[in-house]
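Coordinate analysis (summary)
One-letter residues, chain by chain:
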Amino acid sequence: MGFRKKNKSPPVLSHEFVIQNHADMVSCLAMIILLGLMFEVTAKFAIMFITVQYNVTQVLDEKSEPVNLYQYGPKDVATVFFYLLIAVILHALIQEYILDKINRRLHLSKTKHSKFNESGQLAAFYLFSFIWGCSILTAEEFATNPTFLWEGYPHTNMVFQVKFFYICQIAYWLHALPELYFQKVRKEDIPRQLYYICLYVVHISGAYILNLHRLGLVLLVPHYLVELLFHASRLFYFSDENKQKGFTLWALLFVIARLLTLTLSVLTFGFGLPRTENHGFSLAEGNFNVLTIRMTCLAAICLTQAWMMWKFINFQLKKWREHSQNQASKKKTVSPKSKPHKRETTKGGAANGVVKSEDKMSPRARKAKAS
């Protein structure tokens, strides 16, 4: 990890050297970009990496002041790259100064250690993104008028907060790809993490490029709330295995979030966008309101929700089997109560409560029989 003091320094530019010092290297690269602002020759290139590009000034009314809005373009790639570097640095700081210290106290196994680090990083990101997304939505009129999801499409102009939100979202999920190498993620965990990282990149980038940032923002906020609850519950579970109540609430909200996502998606692509005035395909105008793209987007969302539900059902079945096995093992460990055994009679005594006929003979009868 970056920022970590090591007793033994590995060979320069070796794999271990890069893994241990990757945050320091990335910090140097980010500092070089920031130093470019100090020189007039390089300032125009450095600004392209640091600030949000494609500013558009729009006047709504004659009495109102001009409003600064933003569009997207190829220069956004440079901005995403810079904030990808910032995400790597913040990732290393959270890992070094928070998660590693907690791990030393908990003494977790290697498997739980890896999952604890993953949940810790994602919980911090989901919490920050959820609060940020809610602050943006409060300024919109979605709560009172859900038709703002498709009215006035294409939504080519964005306020600063919306564009910067999408830039940071894309940068974070792209930074998660090299983190698989920097964090030495186990080989069996790489496919699972690659799946959801790629899904985030594709869906968020698609909403940004297709000018569907309103729908994307509305769908991301409840989804991040559900994921935040799951990873927070998993962190509490690793600290104390008896704390599992959070998973029950997460399961309920997970299903609600999937239904909400499907409802809003069908409403937007199947009902709202087909009834808008602007139909057709135009890259210059940013208009993608054609049947093919609408159905492709809707199919992608539906397939993703179906895949998530399938993983959710398998997860619940696995937990149910583990709970059943634990209950069965507990019953086996409890020994059954031993039943009282009947007292065996002696050779000359009664057997099974029945007195033999020989025992009933009188002494005179025995003497006569013996003679």
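Attention here is on the structure that accompanies the text. All of these numbers come straight from a predicted model, not from anything done at the bench. (Residues numbered from 1 in each chain as written. Predicted model: local features only at pLDDT ≥ 70, side-chain atom pairs only at ≥ 80, totals over all residues. Heavy atoms only, no water.)

1. Some thoughts on the nonpolar core
Our working definition: The definition of a nonpolar core used throughout is a set of buried Ala, Val, Leu, Ile, Met, Phe, Trp, Tyr and Cys residues joined through side-chain atoms within 4.5 Å. Think of it in three bands: residues with accessible area under 20% of the maximum for their type are buried, residues over 50% are exposed, and the middle band is partly exposed, with areas taken using a 1.4 Å probe on protein chains only. What counts as a helix is a DSSP run of H or I of at least four residues, what counts as a strand is a run of E of at least two, and both are numbered from the N terminus. Annotation comment: domain bounds sourced from an automatic or database domain assignment. Any two residues having at least one pair of non-hydrogen atoms within 4.5 Å are treated as being in contact.
Counting residues in hydrophobic clusters, the biggest one holds 62 residues, and the most contacted among them are Tyr126, Tyr166, Trp173, Ile204, Tyr224 and Phe269. Those elements that place two or more of their residues in this core are helix H1 (15-35), helix H3 (76-106), helix H4 (110-139), helix H5 (160-182), helix H6 (190-209), helix H7 (213-239), helix H8 (245-272) and helix H9 (291-333). Residue contributions to this core peak at eleven residues, all from H5. Counting residues domain by domain, this core receives three or more from each of domain 1 (12-50) and domain 2 (77-324). Every residue in contact with Tyr224, bar those within four places of it in the chain, is listed here: Phe125, Tyr126, Ser129, Phe130, Gln169, Trp173, Tyr200 and Ile204. Counting ten residues, the second-largest nonpolar core is a separate cluster that includes Phe247, Ala251, Ala257 and Met308.

2. Thoughts on the packing of H5 against H7
Convention followed: Note on geometry: axes are C-alpha line fits, over the in-contact stretch for helices, and angles between N-to-C directions span 0 to 180 degrees. For classification purposes, an angle smaller than 35 degrees is called roughly parallel, one larger than 145 roughly antiparallel, one from 65 to 115 roughly perpendicular, and anything else oblique. Working rule for handedness: look at the near helix, and if it is turned counterclockwise from the far one by less than a right angle, call the crossing left-handed; if clockwise, right-handed. Each residue gets one of three labels, nonpolar for Ala, Val, Leu, Ile, Met, Phe, Trp, Tyr, Cys and Pro, charged for Asp, Glu, Lys and Arg, and polar for the others, Gly among them.
Packing of H5 against H7 leaves a shortest axis separation of 12 Å and a crossing angle of 60 degrees. Relative to H7, the element H5 is oriented oblique. In the crossing of H5 with H7, the sense of the turn from one axis to the other is left-handed. On the side of H5, the interface is formed by Val162, Phe165, Tyr166, Gln169 and Trp173, while H7 contributes His213, Gly216, Leu217, Leu220 and Tyr224. Considered class by class, the residues forming the contact of H5 with H7 number seven nonpolar, three polar and no charged.

3. Looking at the packing of aromatic side chains
Operational definition: Classification of ring pairs rests on two measures: the distance between centres of Phe, Tyr or Trp rings, Trp counted by its six-membered ring, which must be within 6.5 Å, and the angle between planes, read as stacked under 30 degrees, edge-to-face over 60 and tilted in between. Look at NZ for Lys and CZ for Arg. If either is within 6 Å of the ring centre and within 35 degrees of the ring normal, a charge sits over the ring.
Summed over all chains, the structure comprises 36 aromatic pairs. For the pair Tyr166 and Tyr208, a centre-to-centre distance of 5.8 Å together with 25 degrees between the ring planes defines the contact as stacked. Taken together, the positions of Tyr166 in helix H5 and Tyr208 in helix H6 put the pair 42 residues apart, joining distant regions of the chain. No difference in accessibility class separates Tyr166 from Tyr208, as the two residues are buried. Considering the side-chain rings of Phe281 and Phe288, the 5.6 Å spacing of their centres and the 65 degrees angle between planes classify their relative orientation as edge-to-face. Residue classification places Phe288 among the buried positions, given a relative accessible area of 8%. Following the ring pairs from residue to residue traces out a cluster consisting of Tyr70, Tyr72, Phe82, Tyr83, Phe128, Trp132, Phe160, Phe164, Phe165, Tyr166 and Tyr208. The aromatic ring of Phe254 is capped on one face by Arg258, whose charged end is 4.7 Å from the ring centroid.

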